[in-house]
Structure formats: structure tokens, C-alpha cells
Amino acid sequence: MITSEFKLIESIRKKVNLLQNGSENIFGIGDDCAVYRISDDRYGLFSTDISVENVHFNLDYTSLSDAGYRSMAANVSDIYAMGGKPVLALVSIGIPPQYTEQMIDELYDGILTCALKHGTFIAGGDTSKSDKLVVNISIYGETCRPVYRKGAEAGDRIYVTGNTGLSKLGLEILNKNACRDNFPKSVEKHLRPDPRIDLISPIVNEYHPTAMIDISDGLLIDLGHICEMSHCGFEIYIDNVPADDELEGFCAEKKIAASDYTLYSGEEYELIFTAKKDIKDNEHIRYIGNVTASGYILIKGDSQITIEPAGYDHFR
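Everything numeric in this text was worked out from a predicted model, so none of it was measured. (Residues numbered from 1 in each chain as written. Predicted model: local features only at pLDDT ≥ 70, side-chain atom pairs only at ≥ 80, totals over all residues. Heavy atoms only, no water.)

J.: Help me understand the overall build of the chain, please; the structure alone is not making it clear to me.
T.: The number of helices and strands found in the chain is nine helices and 13 strands. Seen through its principal axes, the chain has C-alpha atoms that stretch 60 × 55 × 45 Å. By residue count, 51% of the 316 residues in the chain fall in the buried class. Put simply, the chain shows about 15500 Å² of open surface, and 50% of that area lies on carbon and sulfur atoms. (Helix = DSSP H or I, 4+ residues; strand = E, 2+ residues; numbered from the N terminus. Buried < 20%, exposed > 50% of the residue type's maximum accessible area, 1.4 Å probe, protein only. Areas by Shrake-Rupley, 256 points an atom, 1.4 Å probe, with all protein chains shown as cover.)

Next up, the structure:
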């Protein structure tokens with residue numbers, strides 16, 4: 001029985017690398033995108049992401065347009081996580097037999113809205129009959145300098161864009177059928193997460209990240225992927241991790257820690273990156289900790305706790 005998505009990926013990576021010859025121009029399994037070196041200053045980025053009904057979205061409270069939007073957003077975010085710009089995408093859909101053309105048109109409204117916002121051309125795809133709705137998107141982007149998960153070094157500073165936690169709260173509100181109007185930002189963040197198109201240029205060109213990843217499974221577990229690939233550790237100052245006022249108000253009323261959301265919320269599509277630079281001039285980027293030689297530590301006031309990074313895992 002499969003017990004961990006990440007152990008499964010590592011097993012596949014080892015098998016694939018064992019049976020095929022490596023290439024100095026291809027960087028394969030183990031990052032947000034596969035990378036193909038076209039020339040010294042041009043790299044192709046390839047990624048694919050699957051969204052399955054009742055796993056990645058629930059149509060009881062997710063419109064078909066929202067399901068399409070968030071499926072495309074997951075792919076676009078992978079390109080940004082490598083420091084690139086999306087170029088084109090291929091969309092394949094598994095369609096239940098009761099679906100109509102009008103329903104697929106609504107799904108594509110969401111896919112196209114996200115794609116157009118991020119400059120991505122829908123270039124083709126495939127369709128098939130399916131027991132449930134499945135949206136699989138493959139995306140291609142380019143960059144002059146890819147930013148990998150590996151590359152972080154002890155002493156680097158750790159940064160996060162925006163704030164985290166709203167997507168997890170939004171999912172809870174929707175699942176509990178609570179009043180959506182009381183939590184508009186949380187619901188919107190879950191149904192239509194927006195990759196950080198506004199911050200890619202300054203991050204790559206001004207701050208020169210040593211490593212980067214997007215938050216798809218949770219801040220701690222995704223930062224853990226950077227550390228695993230870079231052979232290092234981290235120390236995170238919990239109070240530095242930004243939370244939206246809507247989340248803080250909810251947590252204060254429920255008497256629970258906002259960090260239960262900010263550290264573990266998936267499908268945020270904010271960016272975590274490491275850099276040598278001390279960034280103080282961008283209100284949308286927050287310093288949250290440091291890269292260390294080893295170990296994973298959370299710090300709050302004078303207290304420290306050693307942890308194992310945790311977050312969303314499909315098979316747990």
C-alpha cells in the first residue's frame with residue numbers, strides 16, 4: 001500500500017534515472033518543473049498537474065469555472081516557482097457521461113480566465129470519458145536562469161510572499177457549509193488561488209534567490225523540500241509568518257493559533273525562496289527565518305521546538 005506521495009515520487013525518480021541515460025541539458029524529476037537547456041541563457045520549463053474531482057475540488061461548492069481556474073493556477077505557479085514565465089499549455093479532460101457541452105464550456109471559462117491573466121496560450125489537449133471529472137494540464141514556460149529547489153546554503157535568509165493560511169480556512173468554511181460571506185478572502189483564496197505574477201520579476205532580477213518553491217502542500221513541508229534538495233535545515237520565527245486579518249480574527253475568536261493555518265495550509269501558491277540579500281523594501285515579501293546546516297526548528301519568543309516538516313500528502 002502506498003503511504004506517502006513523496007516517497008512514491010522518490011521511488012519513481014530512482015527507477016527512471018536507473019534505466020535512462022542522464023543528460024547535462026536536462027534536469028528531470030525532483031523540482032517544480034523539468035528543465036531543458038536550450039542555450040546558455042534560455043531554458044525550457046515543463047510541468048504537469050492533475051486535478052481530480054473529490055480529491056482536488058468538490059463540485060458541491062466549487063463551480064466548474066472555479067475548478068478550471070484553480071487547475072490552471074497550479075500549473076502556472078510551478079513555472080513561477082522556477083523563476084520563469086508560462087508560454088503555452090495542453091489541457092486534457094476526463095469527462096463524466098452526464099456532462100453537457102455547456103458544462104465543459106463553463107469549465108473552460110475558468111481555465112482560459114487564468115491562462116489569459118498569466119499570458120499562457122492553450123495550444124491543444126485531449127478528451128476522454130471518465131467516471132469523474134479529471135483535469136490534467138501540461139505547461140511549458142521559459143527562463144533565462146532557472147531557480148531550483150537545490151541551492152540554499154546555511155546563512156541564507158528565508159522569505160515568503162503574501163500571507164498564508166487563508167486557503168485552509170476557506171476549505172474548512174466550504175466543507176462546513178458555514179456562512180461564506182463572513183470569510184470572503186478565505187473562500188476566494190481556496191476557490192481561485194492566484195500565482196504571484198507581480199513578484200516574479202523583482203524576486204529573480206533584484207533578489208537573486210538561491211532556491212525557490214511554491215506553496216502547494218504547506219509552508220513547512222514545501223520548505224522542507226528545499227532543505228532536502230539543498231542538504232540543509234531551517235529555523236522559522238513563527239511570529240514572522242504573515243497572516244491575513246481575516247484569519248487572525250477567526251483564530252482569535254476560536255482561541256486557536258494562527259500558525260495552525262499559516263504553516264500547514266496547502267494550495268496557497270505563494271512563493272518561498274532563500275536569498276543572501278536582506279530584503280526590506282517590498283511589503284509583499286516577508287523574512288521568516290534562516291537556512292541552517294541541519295535540523296528543522298520553529299522559534300516563538302524564547303521557545304524552540306524541533307519538528308519534522310508536515311503538510312498535505314495525497315496518500316496519508
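Read on for the rest.
J.: Got a minute to help me understand the pattern of salt bridges in this structure?
T.: A side chain of one charge can pair with a side chain of the opposite charge if their charged atoms are brought near each other. Applying the stated criterion across every chain yields a total of 18 salt bridges. A salt bridge links Asp156 to Lys276; the shortest N-O distance between them is 2.7 Å. In this pair, Asp156 is assigned in the loop between strand S6 (134–143) and strand S7 (157–161) and Lys276 in the loop between strand S10 (271–275) and strand S11 (285–292), connecting sequence segments 120 residues apart. Note that Lys185 is salt-bridged to Asp244, the shortest N-O span being 3.0 Å. One end of the pair, Lys185, is in helix H5 (residues 184–191); the other, Asp244, is in the loop between strand S9 (233–237) and helix H8 (245–254), with 59 residues separating them in the sequence. For Lys185, a relative accessible area of 41% translates into the label partly exposed. Via salt bridges that share partners, Lys189, Arg196, Asp198, Glu268 and Glu270 belong to a single interconnected network. (Salt bridge = Lys/Arg side-chain N within 4 Å of Asp/Glu carboxyl O.)

J.: Quick question: what am I supposed to make of the sheet that holds S7 here?
T.: Strands pair in a sheet through their backbones, by hydrogen bonds, and they do so in one of two ways: parallel or antiparallel. Taken together, the seven strands give an open sheet; going across it, the order is S8-S10-S7-S11-S9-S12-S13, and neighbouring strands pair in mixed fashion. Bordering the open sheet on either side are strand S8 (211–214) and strand S13 (303–306), each of which pairs with just one other strand. Taken pair by pair, the neighbouring strands of this sheet meet at an average axis angle of 25°, ignoring direction. In this structure, S8 lies alongside S10, joined through four bridges in antiparallel fashion. Paired with Ala211 across the strands is Thr274, a residue of S10. Its contacts with the sheet put helix H2 (residues 64–81) on S8 and S10, and the angle it makes with S8 is roughly 175°. The sheet strands contacting helix H6 (residues 200–207) are S7, S8, S10 and S11, and the helix crosses S10 at an angle near 10°. (Pairing = 2+ DSSP bridges. Axes fitted to C-alpha atoms, helices over the stretch in contact; angles between N-to-C directions. Contact = heavy atoms within 4.5 Å.)

J.: Help me out: how do you make sense of helix H7 (residues 219–230) in this one?
T.: Every α-helix carries 3.6 residues per turn, so stepping three or four residues along brings you back to the same face. Here H7 spans 17 Å end to end across 12 residues, near enough to the 16 Å set by a 1.5 Å rise per residue. Of the residues making up H7, those classed as buried are Leu219, Leu220, Ile221, Asp222, Leu223, Gly224, His225, Ile226, Cys227 and Ser230. (Expected span 1.5 Å × (residues − 1).)

J.: Looking at this structure, I do not really get the pairing of strand S12 (residues 296–300). What am I missing?
T.: As judged from the four bridges shared by S9 and S12, these two strands associate in the parallel manner. Looking at S12, one finds that Tyr237 is bridged to Ile299. As judged from the four bridges shared by S12 and S13, these two strands associate in the antiparallel manner. Pairing of Ile297 across the sheet is with Thr306, part of S13. The antiparallel pairing of S12 with S13 creates a hairpin that spans two residues between the two strands, and Gly301 there sits at a positive phi of about 60°.

J.: Can you help me understand the packing of aromatic side chains in this one?
T.: For any pair of aromatic rings, the description rests on two quantities: the centre-to-centre distance and the angle between the ring planes. In this structure the tally under the stated criterion is eight aromatic pairs. A ring pair is formed by Tyr159 and Phe273, whose centres lie 5.3 Å apart and whose planes are at 25°; its orientation type is stacked. On the criterion of sequence distance, the pair formed by Tyr159 in strand S7 and Phe273 in strand S10 is long-range, its members being 114 residues apart. As far as the burial class goes, Tyr159 and Phe273 line up, both buried. (Phe/Tyr/Trp six-rings, centres within 6.5 Å; stacked < 30°, edge-to-face > 60°.)

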